[in-house]
Amino acid sequence: MIDKRLLEILVCPLTKGPLIFDQDRAELISISGRLAYPIRDNIPVMLEEEARALSEDEAEALRQQHQPA
Amino acid sequence: MSDQDQTHFGYQQVPVREKQERVRAVFDSVADRYDLMNDLMSLGIHRLWKRRLIELAGVRRGQRVLDLAAGTGDLSARFAEIVGPSGLVVMSDINAAMLERGRERLDDAGLMGHLHYALANAEALPFASNSFDCVTIGFGLRNVTHKDWALAEMQRILKPGGRGLVLEFSHPTQAPLRKAYDLYSFSMLPMLGRLVAQDADSYKYLAESIRMHPDQDSLRDMMEQAGFERCEYFNLTGGIVAIHRGCKL
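Reading the values: rules and limits
- Residues numbered from 1 in each chain as written.
- Chains lettered and ligands numbered in written order.
- Predicted model: local features only at pLDDT ≥ 70, side-chain atom pairs only at ≥ 80, totals over all residues.
- Helix = DSSP H or I, 4+ residues; strand = E, 2+ residues; numbered from the N terminus.
- Rg over C-alpha atoms; globule rule 2.2 N^0.38 Å.
- Buried ≥ 20, exposed ≤ 12 C-beta atoms within 10 Å, placed from the backbone.
- Contact = placed C-beta atoms within 7 Å.
- Nonpolar A, V, L, I, M, F, W, Y, C, P; charged D, E, K, R; others polar.
- Pairing = 2+ DSSP bridges.
- Core = buried A, V, L, I, M, F, W, Y, C linked by C-beta atoms within 7 Å.
- Right-handed = clockwise from strand over helix to strand, strands pointing away.

J.: Help me get a handle on the overall build of chain B, residues and values and all.
T.: Across its full length, chain B holds 9 helices and 9 strands. Its C-alpha atoms give chain B a radius of gyration of 17 Å, within 12% of the compact-globule value 18 Å for 249 residues. Projecting the C-alpha coordinates of chain B onto the three principal axes gives extents of approximately 45 × 40 × 40 Å. Per-residue burial over chain B gives 46% buried out of 249 residues.

J.: Help me get a handle on the interface of chain B and chain A, residues and values and all.
T.: Taken residue by residue, the interface counts 15 residues in chain B and 14 residues in chain A. Secondary structure elements with two or more residues in the side of chain B that touches chain A: strand 4 (88–93) and strand 5 (115–120) of chain B. Among the elements that make up the side of chain B that touches chain A, the one with the highest residue count is strand 5 of chain B (5 residues). The residue inventory of the side of chain B that touches chain A, partitioned by class, reads 12 nonpolar, 3 polar and no charged. Where strand 4 (residues 43–46) of chain A lies against strand 5 of chain B, 2 bridges are found, and the strand directions are parallel.

J.: Tell me about the environment of A:S30, residues and numbers included.
T.: Residues and elements named next belong to chain A. Mapped onto the elements of the fold, S30 is located in strand 2 (residues 27–30). Separated by 21 residues in the primary sequence, S30 and I9 place their C-alpha atoms 14 Å from one another. Those residues in contact with S30 that lie beyond four places of it in its chain are C12, T15, G17, L19 and L35.

J.: Now, about the nonpolar core: what can you tell me, with residues and values included?
T.: One finds B:V65, B:L66, B:V89, B:V135, B:I157 and B:L167 to be the most contacted residues of the largest nonpolar core, which totals 83 residues. For B:V65, the contacting residues outside a window of four places in its chain are B:V59, B:F79, B:V83, B:V89, B:F132, B:D133 and B:C134.

J.: Describe in detail the pairing of strand 4 of chain B, supporting the description with residues and values.
T.: Residue and element names in this part refer to chain B. In terms of burial, strand 4 is a largely internal element, 6 of the 6 residues being buried. Here strand 4 shows two buried faces, one formed by L88, V90 and S92 and the other by V89, M91 and D93. Of the strand pairs in this sheet, strand 3 (residues 64–68) and strand 4 are connected by 4 bridges, and their pairing is parallel. Paired with L66 across the two strands is V90, which belongs to strand 4. This β-α-β element, strand 3 to helix 4 (residues 74–83) to strand 4, shows right-handed connectivity. Across 5 bridges, strand 4 lies against strand 5 in parallel orientation. If you follow D93 over to strand 5, its bridge partner there is L119.

Bear in mind that shape data such as this cannot, by itself, settle questions of function.
See below:
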């Protein structure tokens, strides 16, 4: 489990945009960077070369879901 | 920047895009014996260098500290004790093998709670601006491909009033010491590497990368370029090692 105080200061290393914590997939998702950073053994892996690229559909769905009301 | 651009890897020239991978291979190779090798290579003096960095960092209870290239976590462990449960220490390295080794070691030491971990590249830090009271990089900057990017990132994530410190091998200030040190690091070091870690090449890289690292004044200028203010440095052990310190105002 990643500590809340760490999550509060983590951003996408490429865009410095916010991250969405996906607990089920153990990923930190950057919509602005279109990347999902894995969390392995409770350690966030904030490296571009280890991240999963988001598909356009996936990014769009997340954008809808997390759009500020 | 094009893919053809070259940078140094020890004394060799390698394409910029390869350097990070090659440095990773060195540390994958030495991770298991890293602590032992540090003690042997520096005759135990690295413990004094790190203690001096802790003093110069001036961290207090409740503060937030980012330890980059944290390796096996000597500095993080001490910072975690100082900041206490109301503070926060993030131990970070680009190398998963090194960070995992550090976590095992610190978990064994019972230092949990306010100590956190993140794999990160110092050139592109995954932290919001103005997040930390102190950032340190101990024996890591010389392995970073774009040192200017890393220094600018360190400055960015500091809060106003925060301090950045670089502990790194540097250039001995006196000629006799320089000669003895050259002899030691180019003959003794690779031999120790071969005997203890079965890996002479990695330790040859370490010796060469130290010589290629900017000298004291050059690194201070680089910190100023990166936006640090009141930059100064402290020579330790005749300049074999230096600690650079700068503030974000």
